[in-house]
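Below are the chains, spelled out letter by letter.
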Amino acid sequence: LGVLLALGRQSRMPAVKALCVVYIEAIRGVPLISLLFMGSIIFPLFLPEGVTINKILRAQAAIILFTAAYIAEVVRGGLQGMSTGQYEAADALGLNYYLTMRLVILPQALKIVIPPTVSILISAFKDTSLVVIIALFDLLKTSQTVLSNPEWMGFSPEVYLFVALLYFLGCFSMANYSRKLEKELDKG
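These lines cover the structure that appears in this document, whether it is placed above or below. (Residues numbered from 1 in each chain as written. Predicted model: local features only at pLDDT ≥ 70, side-chain atom pairs only at ≥ 80, totals over all residues. Heavy atoms only, no water.)

### So, the overall build of the chain
Okay, step 1: Secondary structure summary: the chain contains 9 helices and 0 strands in total.
Okay, step 2: Taken along the three principal axes of its C-alpha coordinates, the chain extends 70 × 50 × 25 Å.
Okay, step 3: Counting across all 188 residues of the chain, residues that qualify as buried make up 32%.
Okay, step 4: Contacts spanning at least 24 positions in sequence make up 67% of the contacts within the chain whose residues lie at least 6 apart.
Okay, step 5: Roughly 12,000 Å² of accessible area belongs to the chain as shown, and the carbon and sulfur atoms make up 68% of that amount.
Okay, step 6: With 15 positive and 12 negative side-chain charges, the chain shows a separation of 4 Å between the mean positions of the two kinds. (Helix = DSSP H or I, 4+ residues; strand = E, 2+ residues; numbered from the N terminus. Buried < 20%, exposed > 50% of the residue type's maximum accessible area, 1.4 Å probe, protein only. Contact = heavy atoms within 4.5 Å. Areas by Shrake-Rupley, 256 points an atom, 1.4 Å probe, with all protein chains shown as cover. Lys, Arg positive; Asp, Glu negative; His and termini not counted. Charge placed at Lys NZ, Arg CZ, Asp CG, Glu CD.)

### Concerning the nonpolar core
Okay, step 1: Counting 20 residues, the largest nonpolar core has Leu5, Leu79 and Ile105 as its most contacted members.
Okay, step 2: Mapped by element, the contributors of at least two residues to this core are α1 (2-9), α2 (14-28), α4 (55-80) and α6 (97-112).
Okay, step 3: Those residues in contact with Leu79 that lie beyond four places of it in its chain are Ala6, Leu7, Gln10, Tyr87, Ile105, Leu106 and Ala109.
Okay, step 4: In this structure, Ile27, Leu36, Phe66 and Ile134 belong to the second largest nonpolar core, which totals 12 residues. (Core = buried A, V, L, I, M, F, W, Y, C linked by side-chain atoms within 4.5 Å.)

### Concerning the environment of Tyr98
Okay, step 1: Among the secondary structure elements, Tyr98 is positioned in helix α6.
Okay, step 2: Residue class for Tyr98 comes out exposed when judged on its relative accessible area of 55%.
Okay, step 3: C-alpha separation for the pair Tyr98 and Ile41, spaced 57 residues apart in sequence, amounts to 39 Å.

### Some points on the environment of Ser143
Okay, step 1: Mapped onto the fold, Ser143 is located in helix α8 (residues 139-147).
Okay, step 2: You can call Ser143 buried: its relative accessible area is 8%.
Okay, step 3: Measuring from C-alpha to C-alpha, the distance between Ser143 and Val163 comes to 7.9 Å, with 20 residues separating the pair along the chain.
Okay, step 4: Those residues within four positions of Ser143 in sequence are excluded, and the remaining contacts are Val159, Tyr160 and Val163.

### Here we look at a nonpolar patch on the surface
Okay, step 1: Together, Ile33, Phe37, Met38, Ile41, Ile42, Leu45, Phe46, Val132 and Ile133 give the surface a local cluster of nonpolar side chains, amounting to about 840 Å² of exposed area.
Okay, step 2: Looking at the secondary structure, you find Ile133 in the loop between α7 (114-127) and α8. (Patch = residues over 30% accessible without salt bridge, like charges linked within 9 Å, V, L, I, M, F, W, Y side chains within 5 Å. Salt bridge = Lys/Arg side-chain N within 4 Å of Asp/Glu carboxyl O.)

### Considerations on the side chain of Thr100
Okay, step 1: Within the fold, Thr100 resides in helix α6.
Okay, step 2: Setting aside anything within four residues of it in sequence, one finds Thr100 in contact with Tyr87, Ala90, Leu95 and Ile105.

### Overview of the packing of aromatic side chains
Okay, step 1: Overall, the coordinates contain 3 aromatic pairs when judged by the stated rule.
Okay, step 2: Between Phe66 and Tyr70, the aromatic rings sit 5.0 Å apart at their centres with planes inclined by 50°, giving tilted as the arrangement. You can see Phe66 and its partner Tyr70 sitting in helix α4, 4 residues apart, about one turn around the helix.
Okay, step 3: On the numbers, 5.5 Å between centres and 55° between planes, the contact of Phe125 with Tyr167 is tilted. Separated by 42 residues along the polypeptide, Phe125 in helix α7 and Tyr167 in helix α9 (residues 156-185) bring together distant segments of the chain.
Okay, step 4: A relative accessible area of 18% places Tyr167 in the buried class. (Phe/Tyr/Trp six-rings, centres within 6.5 Å; stacked < 30°, edge-to-face > 60°.)

### Structural notes on the pattern of salt bridges
Okay, step 1: Summed over all chains, the structure comprises 5 salt bridges.
Okay, step 2: Of the charged contacts in the structure, one is a salt bridge between Arg9 and Glu25, with a shortest N-O distance of 3.0 Å. Of the two residues, Arg9 sits in helix α1 while Glu25 sits in helix α2, which places them 16 residues apart along the sequence.
Okay, step 3: Exposure remark for Arg9: the relative accessible area of 14% places this residue in the buried category.
Okay, step 4: With its nearest N and O atoms 2.8 Å apart, the salt bridge here joins Arg76 to Glu73. One end of the pair, Arg76, and the other, Glu73, are both in helix α4, 3 residues apart, so they sit about a helical turn from each other.
Okay, step 5: One salt-bridge network, in which partners are shared between bridges, spans Arg9, Glu25, Arg28, Glu73 and Arg76.

Pasting the structure below:
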């Protein structure tokens with residue numbers, strides 16, 4: 001979704017470009033918590049009577065839409081970093097817009113933006129803990145619920161260290177995979 005928004009923002013069609021710019025700027029202008037509240041409380045008000053959408057799906061949609069706006073800006077930066085010679089080379093080969101983007105421009109642009117993209121995804125991974133605000137259980141809330149059981153009360157430091165370790169391992173593995181991917185794609 002972020003790549004499509006970035007391409008839309010670069011589009012020569014005024015309507016597509018305007019829609020993408022408005023979407024990206026509007027989403028980036030509000031905090032994730034407000035989108036979670038809107039998805040949880042306001043969105044159901046617009047649904048027909050009797051139709052409900054699972055609260056988890058609404059939270060996922062809010063996080064995805066939020067992250068996509070930030071990814072779009074990162075990808076747009078990668079697209080702007082491409083030299084005009086790449087576009088001219090694709091033109092010389094007779095490639096249309098779709099093939100130019102798919103075979104020439106996007107592979108190079110996405111390679112450039114791996115580090116900032118992974119940074120945004122790590123941030124989104126950590127932001128998933130915000131769903132507790134809209135009454136959904138995340139890892140930390142689940143551990144707090146376990147600690148409220150008298151049998152587990154003495155283990156609070158261990159439980160919080162375990163949760164911290166899980167978040168660390170998730171972020172560390174994403175960062176390592178990013179570095180590995182960069183090395184694999186940097187073949188000259």
